[in-house]
Every structure is written in C-alpha cells, then in structure tokens.
Amino acid sequence: MTEDVRNIVLGLIAAGLGAVLGWLVRGSLSGRRLRREQAFFGLPENAESLLVVNRDANGPELSVVRHDVSALLELSGVIKECGAHAQIVAHDAAQQSFGERTEFCVGSPVANRRMAAHMHSLLPGVRVNTEPEPIPDRGAFQIGSERYRLESGLTEYVLLARLTADRGQEARPVFLFCGQRAVASQAAARHLARHHEKLARKHGGNAFVLLLKVVNSQAYGPDVVEVVADVTRAAQTPLPTPSARTSHRAK
C-alpha cells in the first residue's frame with residue numbers, strides 16, 4: 001500500500017468515525033431534549049392526556065369553534081412529539097379531578113365550566129368580569145390590584161398557566177389557556193407550542209401563570225403576542241371581597 005493510498009484510507013476511516021460520533025451526539029442531545037419536553041408536559045411515552053374545550057353553541061354536539069380547533073391542532077403537535085395520546089372532551093363532560101393525566105383546558109370561564117372550576121380552585125387572585133351588558137369592563141381580567149380591559153380586535157389578554165395538584169412529583173400538570181376571546185386562547189396555545197423549551201428552562205416543573213397580550217388580532221390573528229408579565233404570585237393570592245376591592249388602573 002502506497003503512502004497516498006494509506007492516507008486516503010485513514011481519511012475515510014476518520015470521516016466515518018466522525019460521522020458516527022456526530023450521529024451519536026445528535027441522538028443523545030435529541031433524546032435529552034425529548035425527555036425535558038416530556039417532563040415539562042407530564043407526558044412520558046404512550047401517556048394519555050385531555051384536551052378540554054367549549055362546545056359551539058350554534059353547532060351539533062361536540063362541535064368546536066374555529067379558533068379552538070386551531071388551538072387543539074397546536075397542542076396536538078406537542079403531544080405527538082412527546083409520543084403521547086390525547087382525548088378531546090367537552091368542558092361539561094370532564095367530571096374528574098386533575099393530576100392523573102395531563103390536561104390542556106382551552107377557553108373562557110364564562111363558557112367553559114372546567115376552566116371556571118380550575119380558576120376558582122387554583123387562581124383565586126384572578127377575576128373575570130362576566131357582565132353580559134356591553135359595559136367597558138365586560139370581559140376584563142382583574143389580577144391582584146390590576147385590571148386588563150378587552151378591546152376586541154385590538155388588545156386582548158390571555159392567561160397561560162402551568163399548574164399542578166399537590167400530589168408530589170407524579171402529579172400531571174394542567175395547562176390553562178384562558179383568553180378574553182377565542183383568538184387569544186389560540187395565541188396562548190401557539191406561544192406554548194413555540195416556546196416550551198424556553199419556558200421549561202426558566203420554570204422547570206414549577207407552576208407559572210403568564211399574562212399575554214394579543215395585538216391587533218383583526219389584522220394579524222393570533223400571531224403577534226407580547227408577554228405582559230409573570231403574574232404567578234398575584235394570580236395565586238386570593239383577592240379581597242368586592243366590597244373591599246382596591247382601586248385599579250385600566251390597561
């Protein structure tokens with residue numbers, strides 16, 4: 001074997017080893033990324049999860065409004081990445097406690113009983129104005145001493161929360177997407193799907209409640225979203241009774 005041939009053979013061997021090592025490293029990193037994602041969502045391989053949504057009042061049983069369908073598609077992609085499975089359940093048919101299966105609950109507490117129950121139990125520092133009359137505060141969020149008003153099509157707020165039952169490390173989380181309008185709930189689902197790695201690094205397995213603002217949805221749909229604040233502490237601190245309510249500022 002000549003010197004040139006030997007160099008070529010050694011080069012091919014080195015290239016092959018480099019490719020194998022690169023493949024192993026990429027596989028290891030991909031596996032760790034998947035395990036972090038599964039831990040954040042509480043979705044190990046073949047786990048079951050719930051997608052809880054409103055019923056469309058104008059449609060047949062189990063029909064879902066367009067923006068909620070889009071939110072479910074965003075979340076279904078995440079669930080599939082984790083190798084888990086999902087069951088879609090109407091808000092008034094989900095009559096079980098949480099913590100056994102990961103739950104994704106989409107919608108306003110005005111129309112979604114399950115959302116209303118979760119917020120009452122887990123987010124006592126949040127009130128949603130359910131007044132049916134067209135007053136300025138209709139649909140407004142009060143979080144602690146702050147109030148966030150809805151300007152339909154221009155400024156819409158949504159709470160994105162990851163919460164767990166007090167059942168130790170085995171408890172599965174519940175994710176809430178509570179928007180002032182359906183397009184805002186879809187925006188929160190999209191935000192979670194796109195930024196879950198960043199959220200997992202920041203919060204780990206801890207609970208969090210983020211207030212997001214959807215900007216000019218009449219032009220941009222659910223695509224332009226701003227993170228207003230991490231309101232975890234305020235959302236989990238019970239509000240005073242209405243008679244003792246402090247002054248507020250309009251957002």
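Use the structure listed above.
Below you will find a few notes about this structure. (Residues numbered from 1 in each chain as written. Predicted model: local features only at pLDDT ≥ 70, side-chain atom pairs only at ≥ 80, totals over all residues. Heavy atoms only, no water.)

1. Some thoughts on the packing of aromatic side chains
Taken as a whole, this structure holds seven aromatic pairs when the rule is applied. On the numbers, 6.3 Å between centres and 10 degrees between planes, the contact of F40 with F208 is stacked. Pair noted here: F40 is in helix 1 (residues 3–41) and F208 is in strand 9 (residues 208–215), with a separation of 168 residues, a long-range link. Classification of F208 as buried rests on a relative accessible area of 0%. Ring geometry for F41 against F104: centres 6.2 Å apart, planes inclined by 45 degrees, an arrangement best described as tilted. With F41 in helix 1 and F104 in strand 3 (residues 102–106), this pair connects stretches of sequence that are 63 residues apart. Like F104, F41 is buried. (Phe/Tyr/Trp six-rings, centres within 6.5 Å; stacked < 30°, edge-to-face > 60°. Helix = DSSP H or I, 4+ residues; strand = E, 2+ residues; numbered from the N terminus. Buried < 20%, exposed > 50% of the residue type's maximum accessible area, 1.4 Å probe, protein only.)

2. A look at the sheet that holds strand 2 (residues 85–90)
Pairing in this open sheet of seven strands is mixed, and the strands run 2-1-3-8-7-9-10 from one edge to the other. One side of each edge strand has no neighbouring strand; the edge strands of this open sheet are strand 2 and strand 10 (225–230). This sheet shows a mean twist of 20 degrees between the axes of neighbouring strands, independent of strand direction. Summarising the sheet, strand 1 (residues 48–53) and strand 2 pair through six bridges and their orientation is parallel. By the bridge assignment for strand 2, L50 is matched with Q87. Contacts between helix 3 (residues 113–122) and the sheet are confined to strand 1, strand 3, strand 7 (155–164) and strand 8 (173–179), with strand 8 contributing the most and set at about 110 degrees to the helix. (Pairing = 2+ DSSP bridges. Axes fitted to C-alpha atoms, helices over the stretch in contact; angles between N-to-C directions. Contact = heavy atoms within 4.5 Å.)

3. Here's the deal with helix 3
In an α-helix, one turn spans 3.6 residues; hence positions three or four apart end up facing the same way. What helix 3 keeps buried is the set R114, M115, H118, M119 and L122. The arc that holds every buried residue of helix 3, seen down its axis, measures 130 degrees, which confines them to one face. Summarising the geometry of helix 3, the exposed residues directed more than 90 degrees from the buried face are R113, H120 and S121. On the buried face of helix 3, the contacting elements are strand 1, strand 3, strand 4 (126–128), strand 7, strand 8 and helix 6 (232–236). Where helix 3 begins, the capping side chain belongs to N112, and its oxygen is found 3.0 Å from the backbone nitrogen of R114. (Arc of directions from axis to C-beta. Polar contact = N/O pair within 3.5 Å; in protein donor to acceptor, adjacent residues only side chain to side chain.)

4. Some words on the pairing of strand 9
For strand 9, the tally of buried residues reaches six of eight residues, placing the bulk of the element in the interior. Examined bridge by bridge, strand 7 and strand 9 share eight bridges and lie antiparallel to one another. Among the inter-strand pairings, Y157 is bridged to a residue of strand 9, identified as K213. Bridge analysis of strand 9 against strand 10 gives five bridges, and the strand direction is antiparallel.

5. As for the nonpolar core
F41, F104, F177 and L192 are the most contacted members of the largest nonpolar core, which totals 31 residues. Breaking this core down by element, the ones donating at least two residues are helix 1, strand 1, helix 2 (66–81), strand 3, strand 7, strand 8, helix 4 (182–203) and strand 9. In terms of residue count, helix 4 provides more of this core than any other element does, eight residues in total. Setting aside chain neighbours within four positions, we find L192 in contact with F40, F41, L75, L160, F175, F177 and L199. Of all hydrophobic cores here, the second largest spans 27 residues; its members include A94, V128, C178 and L211. (Core = buried A, V, L, I, M, F, W, Y, C linked by side-chain atoms within 4.5 Å.)

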